[in-house]
Amino acid sequence: METKRITEAKWSHGNTIPVRNVQALVESAAELTAEAIEQYIRPAMVDDKVALGDCDTESIPVIDLGKHLDAQSSQQEAARLKSACEEWGFFQVKNHGIPDTVLENMRNNLESFFRLPLNKKNEFAQLPGDLQGYGQAFVESKYQTLDWCDRLYLVTQPPHDREMRPWPTTPVNFRESIESYSSEVMKVTRSLMEIITKNLGTELDKIGDTFVSQALRMTYYPACPVAHDKVLGISPHSDISTLTLVWELNMVEGLQIKRQGVWMPIKPKPNALVVNVGDFLEILTNGKYQSIEHRVAVNPHKERVSISAFHLPKFDMSVGPLREVAGGEIKKYKTLRVDEVAKVLFSSKLDGKKTKEYAMFNI
Ligand SMILES: O=C(O)CCC(=O)C(=O)O
Ligand SMILES: [Fe+2]
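Residues numbered from 1 in each chain as written. Chains lettered and ligands numbered in written order. Predicted model: local features only at pLDDT ≥ 70, side-chain atom pairs only at ≥ 80, totals over all residues. Heavy atoms only, no water.

Draft legend 1. Inspection of the nonpolar core at higher detail. Formed by 88 residues in total, the largest nonpolar core has its most connected members in Phe91, Tyr181, Leu192, Met218, Leu245 and Ile307. Those residues in contact with Met218, other than ones at most four positions away along the chain, are Met106, Leu110, Phe114, Asp150, Arg151, Leu152, Leu154, Phe174, Ser306 and Ile307. Counting residues in each nonpolar core, the second largest holds 12 residues, with Leu25, Leu32, Tyr40 and Val298 among its members. (Core = buried A, V, L, I, M, F, W, Y, C linked by side-chain atoms within 4.5 Å. Buried < 20%, exposed > 50% of the residue type's maximum accessible area, 1.4 Å probe, protein only. Contact = heavy atoms within 4.5 Å.)

See the structure below:
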């Protein structure tokens, strides 16, 4: 009975209507036409202005985690991280310490996996009611505009939450690569959360449970040779996470963040990860740190591969503003069960930032 209750509450559970594999759609067409990809073409958007030029993207903060280990520079770097969280909600991290071999193995195996024939990849396909495995997500209606990507989604931490069925066994050592990558990314997350909690005036031990769960969303965005300016790899959203760490592993541009009403492209940096504040960190900090809306544009010529590592609170806990952080302020956010938030949002289409609707009091 107990097991059943826990299984039902798992935060990887959610519904998505199965849709066509995008990579297979591209590969099956001798020449892709706008008609063939009609369901991926977005209606014209009013707020679609994209910032041009490098100078904008250069200014996204870059945090040097190596400096955090150095007594002389750690304080200054902590202050830079504080302002990155307060002013941007998005930043890049260099000198994160993930060994090159771990990254290389993960890159090779993931790229090889996406190159497998569809029937091989589908041996690890999603099953109804569970988002884990190879497939898509956030499709709630067969009439909605679809995202131009295919995904492999796995719950990776804590280890006892893993269900191995959807973990690919081809390439042969893919599972080991995922495991190593997952635990290395967890270490980076822990280091970042250590500085973040100090910056917020609390302690890691007090909020350790708020980022112990991890899921990896490994995404393949095929090149989109037609109407690429009307198609998105991922629709605008903010992340349902505490902290998300993204590795743009083949260095193809695509990620854009909403800043001052404009979409700002983020240029991938060699050996860096992109980090963003998720909705749960916004709730925990009573809005001091804000999750930021972002999306992924597609490239007319190049495929793009990324891995998003979402860190979430324990799925059966409730999360609200931390007393140590909110102090005597009015609580702007509700206290919510993590699995309940996840279940609803993981089954809905991506449609911008939703914290106002589901997490904020009407004040
Ligand atoms: O591919 C990326 O760069 C980001 C993907 C993303 O936003 C997500 O998986 O939530
Ligand atoms: Fe995201």
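Draft legend 2. The arrangement of the coordination of the iron ion (ligand 2) in detail. Here the iron ion (ligand 2) is held by the protein donor atoms His237 (NE2), Asp239 (OD) and His294 (NE2), which lie 2.1 to 2.2 Å from it. Counting along the primary sequence, the residues that act as donors to the iron ion (ligand 2) give the motif H-x1-D-x54-H. Its relative accessible area of 4% is what places Asp239 among the buried residues. (Donors = N, O, S within 2.8 Å, 3.2 Å for Na, K, Ca; no water.)

Draft legend 3. Structural view of the site of ligand 1. Around ligand 1 sit 13 residues, and of these Arg217, Tyr221, Arg304, Ser306 and Ser308 come closest. For ligand 1, an oxygen atom lies 2.6 Å from a polar atom in the side chain of Tyr221. Between His294 and ligand 1, the recorded distance is 3.0 Å, taken from a side-chain N or O atom to an oxygen atom. For ligand 1, the cavity whose grid points lie within 2 Å of the majority of its atoms is the second largest cavity. The element that contributes the greatest number of residues to the shell around ligand 1 is strand S12 (residues 304-312), accounting for four residues. (Near = heavy atom within 4 Å. Polar contact = N/O pair within 3.5 Å; in protein donor to acceptor, adjacent residues only side chain to side chain. 1 Å grid on protein atoms, 1.4 Å probe; cavity = no way out; pocket = protein on both sides within 12 Å on 5 of 7 lines; lining within 4 Å. Sits in = over half its atoms within 2 Å of the grid points. Helix = DSSP H or I, 4+ residues; strand = E, 2+ residues; numbered from the N terminus.)

Draft legend 4. Representation of the sheet that holds strand S8 (residues 255-259). Across the sheet, four strands lie side by side as S6-S11-S8-S9; this open sheet has antiparallel pairing. The strands lining the two open edges of the sheet, one partner per strand, are strand S6 (232-237) and strand S9 (262-265). The sheet shows a mean angle of 30 degrees between the axes of neighbouring strands, direction not considered. The pairing of S8 with strand S11 (residues 294-297) spans three bridges and is classified as antiparallel. If you follow Gln256 over to S11, its bridge partner there is Arg295. (Pairing = 2+ DSSP bridges. Axes fitted to C-alpha atoms, helices over the stretch in contact; angles between N-to-C directions.)

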